[in-house]
Amino acid sequence: MAGHSHWAQIKHKKAKIDAQRGKIFTRIIREITVAVREGGANPDTNPRLRTAIENARKVNMPTETIERAIKKGTGELGGENYEEVLYEGYAPGGVALMILTYTDNRNRTTSEVRHVLSKHGGNLGSSGCVSFLFDRVGIIEVPKEGISEDEIYEKAIEAGAEDVEVGEVAYTLYTKPEDLYAVKEALESSGLQIERAEIAYKPNTLVQVQDSETAKKIFKLLDTLEDLDDVKEVIANFDIPKEVIEQAT
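Since this is a predicted model, take the numbers as computed values, not measurements.

(A) Summary view of the overall build of the chain. Looking only at helices and strands, the chain has nine helices and ten strands in total. At 18 Å, the chain has a C-alpha radius of gyration in line with the 18 Å of a compact globule built from 249 residues. Each principal axis of the C-alpha atoms in the chain carries an extent, and together these give about 50 × 50 × 35 Å. Split into buried and exposed, the 249 residues of the chain put 47% on the buried side. In the chain, 72% of the contacts between residues at least 6 apart in sequence involve partners at least 24 apart. Of the roughly 12,100 Å² of accessible surface on the chain, 47% is carried by carbon and sulfur atoms. Here the chain contributes 32 positively and 43 negatively charged side chains, and the mean placements of these two sets differ by 6 Å.

So, in structure tokens, the structure goes:
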């Protein structure tokens, strides 16, 4: 997973740039409205909403904006009606993709995703074509600064996490989906800072990519997909050596 982890760190840095230009606001607002629609408007009883609000505050989203997003979720305010839609497909080199979106128009989003995949050497598949290559998991990111590997493993075990992945700037902890928020709260109680906590997908089978040209095509496709307004995140099942990633980026 070393290569995959290295790409995750590149994405982590890119996310900070997205935050600076305000793009992440749109995605968090949509996450809040979907969380409210699925679990209610009370963050005390809706852990997904509570986490979305925490993420909003980390990027200094105004309280009024958060409140408007919650009201959109309850229906008090009109506007777009967003839903989560998952697309499955392939990138160059036979790499499988899970493309998570928030959309108010499935036809538009499907068209945009298909166009980007076709333009960059991938293709859109049918539902279920690659999902068996991924596991649904809870993901928690903890900044590495100030905590050793021994300490994070000890705290992760105590909190109930199932696995820990060591990246360049952050540790990634994995949980069962139903345990995510309990583990997150236990880690916070132990004094850890949580950078990210959400239920997502983790590849259970990796495709080896050994040449930089294929890697470049994959990265260009991922970047272009993630630049689409409706796309929340793209998960890919590649394993690319760190030196190949560096050549390709």
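Following the structure, the description resumes.
(B) Looking closely at the packing of aromatic side chains. Scanning all chains against the criterion turns up one aromatic pair. Judged by centre distance (6.0 Å) and plane angle (65°), the ring pair of Phe219 and Phe238 falls under edge-to-face. In this pair, Phe219 is assigned in helix H8 (residues 212-226) and Phe238 in strand E10 (residues 238-239), connecting sequence segments 19 residues apart. Owing to a relative accessible area of 3%, Phe219 belongs among the buried residues under this scheme. On the basis of relative accessible area, Phe238 is assigned to the buried category, the value being 1%. Across from the ring centre of Tyr174, 3.9 Å away, lies the NZ or CZ of Lys202, which sits over that ring.

(C) Spatial organisation of the pairing of strand E7 (residues 196-203). Of all eight residues in E7, seven are buried; the element is thus mostly enclosed. Of the pairings in the sheet, the one linking strand E4 (residues 134-143) to E7 comprises eight bridges and is antiparallel in character. Counterpart to Arg136 in the pairing with E7 is Tyr201.

(D) Just the nonpolar core, in detail. Grouped together as the largest cluster of nonpolar side chains are 25 residues, with contacts concentrated most on Leu97, Ile99, Leu225 and Phe238. For this core, the elements supplying multiple residues, two or more each, are strand E1 (83-91), strand E2 (95-103), helix H5 (106-119), H8, strand E9 (231-236) and helix H9 (242-248). The element best represented in this core is H8, accounting for six residues.

(E) Highlighting the pattern of salt bridges. With the rule as written, the count across this model stands at 17 salt bridges. Between Arg108 and Asp230 there is a salt bridge, and its shortest N-O distance comes to 2.7 Å. Taken as a pair, Arg108 in helix H5 and Asp230 in the loop between H8 and E9 lie far apart in primary sequence, 122 residues in all. Taking relative accessible area as the criterion, Asp230 reaches 4% and is therefore assigned buried. Lys184 is the partner of Glu188 in a salt bridge, and the nearest nitrogen-oxygen pair spans 3.1 Å. Of this pair, Glu188 and Lys184 both sit in helix H7 (residues 180-189), four residues apart, which is roughly one turn of that helix. Of the residues examined, Lys184 reaches a relative accessible area of 4% and is grouped as buried. Among the charged side chains, a network of salt bridges with common partners joins Glu141, Arg196, Glu198, Lys232 and Glu233.

(F) The arrangement of unusual backbone geometry in detail. We note that Asn60 has phi near 60°; this positive angle belongs to a residue other than glycine. With respect to the element layout, Asn60 can be found in the loop between helix H3 (47-58) and helix H4 (63-74). Take Asn60: its relative accessible area is 65%, and that puts it in the exposed class.

(G) Inspection of the environment of Glu64 at higher detail. Note that Glu64 resides in helix H4. With relative accessibility at 49%, the residue Glu64 sits in the partly exposed group. Note: C-alpha distance between Glu64 and Ala170 (106 residues apart in sequence) is 31 Å.

(H) Region of interest: the pairing of E4. Summarising burial for E4: eight of the ten residues are buried, a large majority. Two strands pair when backbone bridges link them, and E4 and strand E6 (residues 170-175) are joined in this way by six bridges, in the antiparallel orientation. By the bridge assignment for E6, Val142 is matched with Tyr171.

Procedures and definitions
Residues numbered from 1 in each chain as written. Predicted model: local features only at pLDDT ≥ 70, side-chain atom pairs only at ≥ 80, totals over all residues. Heavy atoms only, no water. Helix = DSSP H or I, 4+ residues; strand = E, 2+ residues; numbered from the N terminus. Rg over C-alpha atoms; globule rule 2.2 N^0.38 Å. Buried < 20%, exposed > 50% of the residue type's maximum accessible area, 1.4 Å probe, protein only. Contact = heavy atoms within 4.5 Å. Areas by Shrake-Rupley, 256 points an atom, 1.4 Å probe, with all protein chains shown as cover. Lys, Arg positive; Asp, Glu negative; His and termini not counted. Charge placed at Lys NZ, Arg CZ, Asp CG, Glu CD. Phe/Tyr/Trp six-rings, centres within 6.5 Å; stacked < 30°, edge-to-face > 60°. Lys NZ or Arg CZ within 6 Å of the ring centre and 35° of its normal. Pairing = 2+ DSSP bridges. Core = buried A, V, L, I, M, F, W, Y, C linked by side-chain atoms within 4.5 Å. Salt bridge = Lys/Arg side-chain N within 4 Å of Asp/Glu carboxyl O.

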